[in-house]
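# Observations on the model geometry
Now for the letters of each chain:
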Amino acid sequence: MNSKRDFFRLAGGAALASLVTPAEARAPRRAPERPNSLADYFPNVVLETHDGRKVRFYDDLIKGKVVAINMMYSICTGICPTGTANLKQVQQALGQRLGKDVFMYSITLRPEFDNGAALRDYIKHYDIQPGWTFLTGKPQDVDLVRRKLGFVGDTEAIDADINQHTGMVRIGNERLERWTMAPALGSHRQILRTILELT
């Protein structure tokens, strides 16, 4: 499975249908082969956690798990602070389920600047409690993960402008192959409800 459309088809559900572009909606429909699993779609690149651990994106972070993933960067003054505040409330509401039933990941959009130390400073600045993992990596690997998760702008110009990055949370149950999104700037209750609906 190599295309965004393949991911949306495999993930299923009306929530993902709204992410298909108008050009894709007008394209003639074919019946492509169904991929074996999301392992055929998601890259298994090596990323680094805020505490310096090397992890593989598919094998270590999402395989068989319920996950909530957002994109951020440490010096963001736009949507990141509000999104982080909402996700902190989600983390608190999950309590003991975090790290057991549900895994939260934030991936930097500026891996060339946001090393482990910068991410730890971000965690300290926002008083984020243990159990929520922040990630960096090689810029090309982070960008590949970002695109595969569907965190892309409507146009190339918007996509290239880091100040206009998406304020969404990708939520998925890899084992059940169910994926959706929730707005990071909306109610934390909505994000939590969306996560729990997939557990």
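Let me begin by describing the structure that accompanies this report.

### Describing the pairing of strand β1 (residues 46-49)
By the alternation rule, side chains of β1 split into L47 and T49, which are all buried, and V46 and E48, of which none is buried. Judged from the 3 bridges that link them, β1 and strand β2 (residues 54-56) form a sheet pairing that is antiparallel. The residue bridging V46 from the neighbouring strand is R56, located in β2. Here β1 folds back onto β2, and the loop between the two strands holds 4 residues, one of which, G52, carries a positive phi near 90°.

### Focus: the nonpolar core
Core analysis: the largest hydrophobic core is formed by 51 residues, its most contacted members being F42, F57, I62, I69 and I107. Broken down by element, this core gets its largest block of residues, 6 residues, from strand β3 (residues 66-72).

### Some thoughts on the sheet that holds β2
Overall, mixed pairing links the 7 strands, which are arranged β2-β1-β5-β4-β3-β6-β7 in an open sheet. Two strands close off the open sheet at either side, each with one partner strand: β2 and β7 (178-183). Taken pair by pair, the neighbouring strands of this sheet meet at an average axis angle of 30°, ignoring direction. Here 3 bridges tie β1 to strand β5 (residues 132-137), and the two strands are oriented antiparallel to one another. Residue pairing for β5: T49 is matched across the bridge by L135. Relative to β5, helix α6 (residues 116-125) is tilted by about 150°, and along the sheet it contacts β3, β4 (103-108) and β5.

### Here's the deal with empty space enclosed by the protein
According to the stated counting rule, one finds 1 cavity of 30 Å³ or more in the structure shown. In this structure, the largest cavity spans a volume of roughly 80 Å³. In terms of lining residues, the largest cavity is bounded by 14 residues, among which N70, M71, I79, G83 and A184 are the most central. When contributions to the lining of the largest cavity are tallied by element, the ones reaching two or more residues are β3 and α5 (80-94). Within the lining of the largest cavity, the residues separate by chemical class into 8 nonpolar, 6 polar and no charged.

### A few points about the packing of α5 against helix α9 (residues 188-197)
Where α5 contacts α9, the axes come no closer than 9 Å and their chain directions differ by 50°. The angle between the axes of α5 and α9 places the two elements in the oblique class. In the crossing of α5 with α9, the sense of the turn from one axis to the other is right-handed. Packed against α5, whose contacting residues are N86, L87, Q89, V90, A93 and L94, the element α9 presents H188, I191, L192, I195 and L196 at the interface. Partitioning the contact of α5 with α9 into residue classes produces 8 nonpolar, 3 polar and no charged.

### Considerations on the packing of aromatic side chains
On inspection of all chains with the given rule, the structure shows 6 aromatic pairs. Between F42 and W179 the ring centres are 5.3 Å apart and the planes differ by 55°, which places this aromatic pair in the tilted class. With F42 in the loop between α3 (22-26) and β1 and W179 in strand β7, this pair connects stretches of sequence that are 137 residues apart. Under the relative-accessibility criterion, F42 is labelled buried at 4%. A residue is classified by how much of its surface remains accessible, and W179, at 2% relative accessible area, is buried. Every member of this aromatic cluster is reached through a ring pair, and the members are Y41, F42, F57 and W179. Between the NZ or CZ atom of K65 and the centre of the ring of F103, over which it lies, the distance is 4.4 Å. Geometry around Y41 places K148 over its ring, the cationic atom sitting 4.4 Å from the centre.

About the cut-offs
Residues numbered from 1 in each chain as written. Predicted model: local features only at pLDDT ≥ 70, side-chain atom pairs only at ≥ 80, totals over all residues. Heavy atoms only, no water. Buried < 20%, exposed > 50% of the residue type's maximum accessible area, 1.4 Å probe, protein only. Helix = DSSP H or I, 4+ residues; strand = E, 2+ residues; numbered from the N terminus. Pairing = 2+ DSSP bridges. Core = buried A, V, L, I, M, F, W, Y, C linked by side-chain atoms within 4.5 Å. Axes fitted to C-alpha atoms, helices over the stretch in contact; angles between N-to-C directions. Contact = heavy atoms within 4.5 Å. 1 Å grid on protein atoms, 1.4 Å probe; cavity = no way out; pocket = protein on both sides within 12 Å on 5 of 7 lines; lining within 4 Å. Points joined across faces, edges and corners; volume = space filled by probe spheres on them. Nonpolar A, V, L, I, M, F, W, Y, C, P; charged D, E, K, R; others polar. Parallel < 35°, antiparallel > 145°, perpendicular 65-115°, else oblique. Left-handed = near helix turned anticlockwise from the far one by under 90°. Phe/Tyr/Trp six-rings, centres within 6.5 Å; stacked < 30°, edge-to-face > 60°. Lys NZ or Arg CZ within 6 Å of the ring centre and 35° of its normal.

Note that every value here comes from positions in space, so none of it alone points to a role or purpose.
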